[in-house]
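Report on the structure
Residue strings, one per chain:
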Amino acid sequence: MNYTNKYSLSDPVSVALTSTSYDSQPGVLSMTTLLDPPRIRLLRERHESELTKDVSECADTMIGIAYHEYVQKHCPNNWIVERRFYGELLGRKISGKIDAYDPTTKTLYDYKVPSVYEFKNGKVPEKFEQQLNGYRYLMNKEGVEVDNLTLS
């Protein structure tokens, strides 16, 4: 991905907006990538180096990251937080990094900072439900029982 800075944001701001701590692995499909439409995923893989985005368009991502990090700091010590689980589906290795899991109630939490557009019809977007159920599948594969799914 190539970035522009058409509003001349300061270097610290532009670096913060384009930095990521995403820990992907070659050959492993992440749950969020797996839920993308196949055509979009393939086009992104083939043309990533040709894509351009302005740093000002990355503010929503930074807000989401900050929200995750702040909430994570306040989770009880016995919770599983920001852990990646692995499995296989149709011969492909897949992974998913959960936000938080409470082993006492067996509740999996996924933190979201959605746009108004995502909830315009008053329902939880199907992709959020699919993502949580995918995480549950991966956790079950590694022997972690999940009874409840919650968006926070």
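As a starting point, this report considers the structure included with it. In this text the structure is predicted, and so the values were computed from the model without any measurement. (Residues numbered from 1 in each chain as written. Predicted model: local features only at pLDDT ≥ 70, side-chain atom pairs only at ≥ 80, totals over all residues. Heavy atoms only, no water.)

1. Side note on a nonpolar patch on the surface
The condition is simple: Only residues whose relative accessible area exceeds 30% and that form no salt bridge enter a patch; like-charged residues are grouped when within 9 Å of one another, and nonpolar side chains (Val, Leu, Ile, Met, Phe, Trp, Tyr) when within 5 Å. Here the open area of atoms and residues is found with the Shrake-Rupley method and a 1.4 Å probe, where only the protein chains shown may cover a residue. When a carboxyl oxygen of Asp or Glu is within 4 Å of a side-chain nitrogen of Lys or Arg, the pair counts as a salt bridge. Secondary structure elements are taken from DSSP: a helix is a run of H or I of four residues or more, a strand is a run of E of two residues or more, and numbering for both begins at the N terminus.
Taken together, Leu34, Leu89, Leu90 and Tyr137 make up a surface patch of nonpolar side chains, about 390 Å² in accessible area. Within the element layout of this structure, Leu90 appears in the loop between β5 (84-89) and β6 (92-97).

2. Points about the sheet that holds strand β2 (residues 29-30)
Test applied: Whether two strands pair depends on DSSP finding at least two bridges between them. Any two residues whose heavy atoms approach within 4.5 Å are treated as being in contact. To obtain an axis, a line is fitted to C-alpha atoms, over the contacting stretch when the element is a helix, and the angle between two such axes runs from 0 to 180 degrees between their N-to-C directions.
Here 3 strands make up an open sheet; going across it, the order is β2-β6-β5 and the pairing mixed. The open sheet terminates on both sides in strands that have one partner only, identified here as β2 and β5. Judged from the 6 bridges that link them, β5 and β6 form a sheet pairing that is antiparallel. Paired with Phe85 across the bridge in β6 is Gly96. Against the sheet, helix α5 (residues 126-141) engages β5 and β6, with an angle of about 90 degrees to β5.

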